[in-house]
Amino acid sequence: MAGSEKTFSWHFETDRAALLVIDMQNDFVAEGGVMHVPKAAGIIPKLQELIACCRECGVPVIYTVQAFHPHYNLCPLEVKKFPHLEKEGMREGTWGIEIFPAIKPQEGDIIIKKRRFSAFYNTELELVLRDLKGINHIDTTIISGTVTNICCESTARDAFFRDFKVVFGSDVNAAVDENAHQATLNNIETAFGVVMDADTIMAALR
């Protein structure tokens, strides 16, 4: 599924948009990552283009990383759901939480550390979005990353609940399976925002 600029129910303002790159860290993207999502590597080329376009257009690029404290369990129910996380994975100070090298942050980019699926839950993300551009704060979040139907969808829903407009990238989000990916695109398009492919997003930004 891909949207088009005509599907917007709002005016897309480049100077009020931000790109969120959700959890494109080694534990999800790299071979050998504890939570490896095989399809995540496939979105890298198009995501690289989108990130470059945003930097060129002055659109802030905000990365998130899922990180557990190394000495105590901050996410007991998540670990219950994914028992292998009790022993390893997504620990602060490890290779696993580093952003995948092909899309590594540059000077001026922002990194938000999170403990739950949503990048808004108990993080400074909302404050950052509202303060980055001063009184005319950012009002549009462009969502990319992995996992489509878990952290990316959770973040998109929370953005919508906070009155941020949601643009969800159909080809710059990755799920473990295509059915889950398509279900999220349908959810977003139905109730929480608009779905667009990266080329359409870049055309709108420029």
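Residues numbered from 1 in each chain as written. Predicted model: local features only at pLDDT ≥ 70, side-chain atom pairs only at ≥ 80, totals over all residues. Heavy atoms only, no water.

Can you lay out the pattern of salt bridges for me, pointing to particular residues and giving the numbers?
Inspection of the entire model under this criterion finds eleven salt bridges. Ionic pairing is found between E56 and R206, a salt bridge with its closest N-O pair at 3.5 Å. Highlighted residues: E56 in helix α2 (residues 44-57) and R206 in the segment after α7 (198-205), separated in sequence by 150 residues. Here E56 matches R206 in class, with each residue exposed. (Salt bridge = Lys/Arg side-chain N within 4 Å of Asp/Glu carboxyl O. Helix = DSSP H or I, 4+ residues; strand = E, 2+ residues; numbered from the N terminus. Buried < 20%, exposed > 50% of the residue type's maximum accessible area, 1.4 Å probe, protein only.)

Quick one: what's the story with the nonpolar core, residue by residue and with numbers?
Among the nonpolar cores identified, the biggest contains 37 residues, and V21, L50, I142 and L205 are the most heavily contacted of them. At the level of secondary structure, the elements contributing two or more residues to this core comprise β1 (17-22), α1 (26-29), α2, β2 (61-66), β5 (165-174), β6 (194-196) and α7. Here this core takes six residues from α2, the largest share from any one element. If we ignore the near neighbours within four places in the chain, the residues touching L205 are F12, T14, L50, C53, C54, C57, V59 and I142. (Core = buried A, V, L, I, M, F, W, Y, C linked by side-chain atoms within 4.5 Å. Contact = heavy atoms within 4.5 Å.)

Which residues make up the environment of E153, and what values do they have?
Tracing the backbone through its elements, the reader meets E153 in helix α5 (residues 148-161). E153 gets classed as buried once you look at its relative accessible area, which sits at 7%. Contacts of E153, omitting those with residues within four sequence positions, involve V147, T148, F168, T184 and N187.

I'd love a proper account of the packing of aromatic side chains, names of residues and values included.
Enumeration according to the criterion identifies four aromatic pairs in this entry. Look at F161 and F192: their rings are 6.1 Å apart centre to centre, the planes differ by 80 degrees, and that puts the pair in the edge-to-face class. One end of the pair, F161, is in helix α5; the other, F192, is in helix α6 (residues 178-192), and 31 residues separate them in sequence. Using a relative accessible area of 53% as the deciding quantity, one classes F161 as exposed. What links up through ring pairs into an aromatic cluster is the set F160, F161 and F192. (Phe/Tyr/Trp six-rings, centres within 6.5 Å; stacked < 30°, edge-to-face > 60°.)

Would you mind going over the environment of F160 in detail, with residue names and values included?
Mapped onto the elements of the fold, F160 is located in helix α5. In this structure, the C-alpha to C-alpha distance between F160 and I188, residues 28 residues apart in sequence, is 9.8 Å. Ignoring sequence-local partners within four residues, the contact set of F160 consists of V166, A191 and F192.

Explain the side chain of T14 residue by residue, including any values.
Among the secondary structure elements, T14 is positioned in the segment before β1. Relative accessible area serves as the criterion here: at 19%, T14 is assigned to the buried category. Within the structure, the side chain of T14 is placed 2.8 Å from the backbone oxygen of L205, a separation counted as a polar contact. Residue contacts for T14: discarding those within four places in its chain leaves C57, V59, A204 and L205. (Polar contact = N/O pair within 3.5 Å; in protein donor to acceptor, adjacent residues only side chain to side chain.)

Describe the packing of α5 against α6, with residues and values.
With their axes 10 Å apart at the nearest point, α5 and α6 run at an angle of 10 degrees to one another. One way to sum up the angle between α5 and α6 is to call them roughly parallel. Contacts from T148, N149, E153, A156, R157, F160 and F161 of α5 reach α6 at A180, H181, T184, N187, I188, A191 and F192. The residue makeup of the contact of α5 with α6, split by class, is seven nonpolar, five polar and two charged. (Axes fitted to C-alpha atoms, helices over the stretch in contact; angles between N-to-C directions. Parallel < 35°, antiparallel > 145°, perpendicular 65-115°, else oblique. Nonpolar A, V, L, I, M, F, W, Y, C, P; charged D, E, K, R; others polar.)

Report on unusual backbone geometry, specifying residues and quantitative values.
A cis geometry characterises the amide bond from T146 onward to V147, with omega recorded as 5 degrees. Mapped onto the secondary structure, V147 falls in the loop between β4 (140-146) and α5. With phi around 55 degrees, N122 is a residue other than glycine that occupies positive phi space. Examined against the element boundaries, N122 turns out to sit in the loop between β3 (110-114) and α4 (125-131).

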